Amino acid sequence: MSGVGRVGLLLTPCSYDHHGIHEEMLKDEVRTRSYRDSIYQNKHLFKDKVVLDVGCGTGILSMFAARAGARHVIGVDMSSIINKAKLIVDANGLSQKITLLQGKMEEVELPQQHLNNGKVDIIISEWMGYFLLYESMLDTVLYARDQYLIQGGKIFPDKATIYMAAIEDGEYKDDKIGFWDNVYGFDYSPMKESALTEPLVDTVELKALVTDPCPVFNIDLNTVKVEDLAFSEPFSLRVQRNDFIHAVIAWFDIDFQACHKPIRFSTGPHTKYTHWKQTVFYLRDVLTVEEGEHVRGFLSNKPNDKNRRDLDIKIDYELSTEDPTRMAAGSCEYRMC
Ligand code: SAH
């Protein structure tokens, strides 16, 4: 594992006003190329269609859609980055094709003259946060779907899947968690508590994986409801080798299945880097596992009651083994904020 990235230090409500975060997203080639390919390889779907870009940022997805032949694209973003998007769209000669509106998707009024009987044919959006659901921007896309998408309209992307696996990560865990046991001769255990309850966003090396990956939660954007995003789903992780387990990690895959040629990208440890990295959940215990055993449990997630952008995540786990000395079960709670 490398790098930093404690969630919470990275994003504030006005983060999207800043240049840097848009640079990071645009330079994430896995992300941006997948969107581009899904749009350019499906020009027949975009031709003469009305497209809504939810959270358009610098306007990149709106411009892909316009170049793919859309009749009109409406981009909405609440951040002041939209002023740059207007200049960029203008610089690329696309101002006649793209209308950009600053405001919350839930509050703006879309220009009727560009809509198709008050509706749009396609929604495009890059809404994914760390652990897929952090920031809860998916709520906004679902609002746009229910309000504006024409019957039978398409959503790009339309599927998302959260995966889990368990990792050996003793050295890093000692450094991140064990460090608080003795800080210049003082007991800093109250800090240990927050280190254990905050998930860590970081790059996990493939060789750290001790189990097979397991798909845990599927989202179909055509049908999912906001309330489905509070969930408790079972997982079963098959152990690949005799080792220790210090943490469970999660990542997600994204699918564009509405296409002629489906496009998929993954943010997992087995594939190219993306700015989402992986999310690491340290367990309180260390599990000693043997090949062929299973760590089974439940991944639960719900938006925090006080702040819907924050997530309350719970991992219940149990090691199924015939060896009573290694039997283990536990429940760990995390807060992503
Ligand atoms: N589509 C751009 C930016 C993606 S980042 C790209 O692919 O590069 C997500 C964007 O959604 C941010 O710019 C953020 O300001 C915007 N956003 C988040 N919630 C929103 C809401 N409720 N209404 C409008 N914009 C929103």
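Residues numbered from 1 in each chain as written. Predicted model: local features only at pLDDT ≥ 70, side-chain atom pairs only at ≥ 80, totals over all residues. Heavy atoms only, no water.

Asks: Describe the overall build of the chain, with residues and values.
Replies: Helix and strand counts for the chain stand at eight helices and 15 strands. Against the globule reference of 20 Å for 337 residues, the chain gives a C-alpha radius of gyration of 22 Å, in line with a compact fold. Dimensions of the chain, computed from the C-alpha atoms along their principal axes, are close to 70 × 40 × 35 Å. Split into buried and exposed, the 337 residues of the chain put 53% on the buried side. Taking as baseline every contact in the chain between residues at least 6 positions apart, the subset at least 24 positions apart corresponds to 75%. Counting every atom, the chain has about 15,700 Å² of accessible surface; 51% of that belongs to carbon and sulfur. Between the centroid of the 38 positive side chains of the chain and the centroid of its 50 negative side chains there is a distance of 8 Å. (Helix = DSSP H or I, 4+ residues; strand = E, 2+ residues; numbered from the N terminus. Rg over C-alpha atoms; globule rule 2.2 N^0.38 Å. Buried < 20%, exposed > 50% of the residue type's maximum accessible area, 1.4 Å probe, protein only. Contact = heavy atoms within 4.5 Å. Areas by Shrake-Rupley, 256 points an atom, 1.4 Å probe, with all protein chains shown as cover. Lys, Arg positive; Asp, Glu negative; His and termini not counted. Charge placed at Lys NZ, Arg CZ, Asp CG, Glu CD.)

Asks: Residue-level account of the UniProt feature "domain: Protein arginine N-methyltransferase" (unreviewed entry) in the chain, with values.
Replies: Mapped onto this numbering, the UniProt entry annotates "domain: Protein arginine N-methyltransferase" (unreviewed entry) at residues 158-320. Counted over residues 158-320, helix gives 10% and strand 47%. Its end C-alpha atoms are 36 Å apart. (UniProt positions renumbered as here; feature names shortened; annotations may be inferred.)

Asks: Can you tell me about the sheet that holds strand β13 (residues 294-303), naming the residues and giving the values?
Replies: Strand order in the open sheet made by the four strands is β9-β13-β14-β15, with antiparallel pairing throughout. This sheet does not close on itself; its edge strands, each paired only once, are β9 (231-238) and β15 (328-336). For this sheet, the mean inter-axis angle between neighbouring strands, taken without regard to orientation, is 15°. As judged from the 10 bridges shared by β13 and strand β14 (residues 311-320), these two strands associate in the antiparallel manner. Note on β14: the bridge partner recorded for Phe298 is Asp316. (Pairing = 2+ DSSP bridges. Axes fitted to C-alpha atoms, helices over the stretch in contact; angles between N-to-C directions.)

Asks: Quick rundown of the confidence of the model for the chain? Include the residues and the values.
Replies: Per-chain confidence: the chain averages 94 in pLDDT, with 96% of residues scoring 70 or above. In the predicted structure, residues 1-10 sits below a pLDDT of 50 and forms 34 contacts with residues beyond four places in sequence or in another chain. (pLDDT = per-residue confidence, 0-100.)

Asks: If you had to explain the UniProt feature "domain: Methyltransferase" (unreviewed entry) in the chain to someone new, which residues and values would you point to?
Replies: The residues that UniProt annotates with the feature "domain: Methyltransferase" (unreviewed entry) are residues 47-126. Between the C-alpha atoms that bound residues 47-126 there is a distance of 21 Å. The span itself is 24% helix and 28% strand.

Asks: Outline the packing of helix α1 (residues 19-27) against helix α2 (residues 29-40), listing residues and values.
Replies: To describe two helices that pack against each other, one gives the angle between their axes and the distance between the axes. Put simply, α1 and α2 touch, their axes get as near as 5 Å, and they point 65° apart. Classified by the interaxial angle, the pair formed by α1 and α2 is roughly perpendicular. Contact residues: Met25, Leu26 and Lys27 in α1; Glu29, Arg31 and Thr32 in α2. By residue class, the composition of the contact of α1 with α2 is two nonpolar, one polar and three charged. (Parallel < 35°, antiparallel > 145°, perpendicular 65-115°, else oblique. Nonpolar A, V, L, I, M, F, W, Y, C, P; charged D, E, K, R; others polar.)

Asks: Requested: an account of the site of the ligand, with residues and values cited.
Replies: Close to the ligand lie 19 residues, the nearest being Arg31, Gly55, Asp77, Met105 and Glu106. Contact distances for the ligand include 2.6 Å between an oxygen atom and a side-chain N or O atom of Asp77. Expressed as a share of its isolated accessible area of 570 Å², the protein-covered part of the ligand is 96%. For the shell around the ligand, the secondary structure elements donating two or more residues are α1 and α4 (60-67). (Near = heavy atom within 4 Å. Polar contact = N/O pair within 3.5 Å; in protein donor to acceptor, adjacent residues only side chain to side chain.)

Asks: Talk me through the environment of Met164; I want residue IDs and the actual numbers.
Replies: Relative to the helices and strands, Met164 resides in strand β6 (residues 159-167). Along the sequence, Met164 and Thr279 sit 115 residues apart, while their C-alpha atoms lie 9.5 Å from each other. Non-local contacts of Met164, meaning those with residues more than four positions away in its chain, are made with Asp212, Pro213, Cys214, Val216, Phe235, Leu237, Val248, Ile249, Ala250, Trp251, Leu299 and Ile315.

Asks: I'd like to hear about the pairing of β14, residue by residue, with values.
Replies: Judged by which residues are buried, β14 turns out to be one-sided: Leu311, Ile313, Ile315, Tyr317 and Leu319 face inward and are buried, whereas Asp312, Lys314, Asp316, Glu318 and Ser320, on the alternate face, are not. Note: β14 against β15, nine bridges, orientation antiparallel. Looking at the pairing, Ile315 lines up with Cys332 of β15.

Asks: Run through unusual backbone geometry, naming residues and quoting values.
Replies: Going from Phe156 to Pro157, the amide bond is cis rather than trans, its omega being -5°. Following the sequence through the fold, Pro157 ends up in the loop between β5 (149-156) and β6. Positive phi is not limited to glycine here, since Asn117 has a value of about 50°. Within the secondary structure, Asn117 sits in the loop between β3 (98-102) and β4 (120-125). The class for Asn117 is exposed, based on a relative accessible area of 74%. A positive phi is found at Tyr184, a non-glycine position, where the angle reads about 50°. By the element assignment, Tyr184 lies in the loop between α7 (170-176) and α8 (189-197).

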